[in-house]
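# Close look at the chain arrangement
The chain contents come next:
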Amino acid sequence: PNWACKTYDGQIATKNGFDWMSGIHPEVQDFILSLVDEVIQNYDLDGVEFSDRIPAMPVEGGYEDYTVQLFKDENNGNEPPANYSDANWMRWRADKLNEFYSDVNSLVKGFDENLFVASSPSIYPWAYQEYLQDSPSWVNEGIVDHFVPQLYRYNLADYIFELNKSINQIDASKRDR
């Protein structure tokens, strides 16, 4: 139960039909890292891909005891804002998820530098606003080797629009990813 992601009112964060774990809690991160380690140790694979659920957490979440205490420790004892959409609170939580994803990369590359780390998140900035997924940083900071955003659209024009928008969010020197 202490792994559950909580909303400001203390309820388990439920979004899109899922009850969420806290992506910031170290035991949750260790669990995911142990799964990644098990897969890369025991299977012949080319890399690891995370989708629109990892690393992610509902923007409404982050109010579980561990995350609140960590925020207070790093912010002069200040409580997280009640407004889950507060820009600084969102950035702080997204940065914690980015640090975790960097740890995933280090684990994978530490096993075999030729293995890739890939991501297929929902489109940015929607994914950031809803799930704290900062995918441009993942690419621009070298956390992922392959970036395949989920661009589901009903017609080709809308798809091309979203594709170009996604490409242009990435530094020109990283667009080969």
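Preceding this paragraph is the structure being described.
Summary of the structure given here. (Residues numbered from 1 in each chain as written. Predicted model: local features only at pLDDT ≥ 70, side-chain atom pairs only at ≥ 80, totals over all residues. Heavy atoms only, no water.)

Under the criterion given, the structure shown has 12 aromatic pairs. Note on Phe 50 and Tyr 101: the rings are 5.7 Å apart at their centroids and 25° apart in plane angle, and the pair reads as stacked. In this pair, Phe 50 sits in strand β3 (residues 47-50) while Tyr 101 sits in helix α3 (residues 87-111), placing the two residues 51 residues apart along the sequence. Considered together, Phe 50 and Tyr 101 belong to a single accessibility category, that of buried residues. Here the basic side chain of Lys 15 rests over the ring of Tyr 131, its NZ or CZ set 4.9 Å away from the ring centre. A cation sits over an aromatic face here: Arg 53 above Tyr 131, 5.9 Å from the ring centre. (Phe/Tyr/Trp six-rings, centres within 6.5 Å; stacked < 30°, edge-to-face > 60°. Helix = DSSP H or I, 4+ residues; strand = E, 2+ residues; numbered from the N terminus. Buried < 20%, exposed > 50% of the residue type's maximum accessible area, 1.4 Å probe, protein only. Lys NZ or Arg CZ within 6 Å of the ring centre and 35° of its normal.)

Enumeration over the complete set of coordinates arrives at 12 salt bridges. Where Glu 60 meets Lys 15, a salt bridge forms, and the shortest distance between an N and an O atom there is 3.2 Å. Here Lys 15 lies in strand β1 (residues 14-15) and Glu 60 lies in the loop between β3 and α2 (65-74), a separation of 45 residues in the sequence. Among the salt bridges present, the one from Arg 91 reaches Asp 134, with a minimum N-O distance of 2.7 Å. (Salt bridge = Lys/Arg side-chain N within 4 Å of Asp/Glu carboxyl O.)

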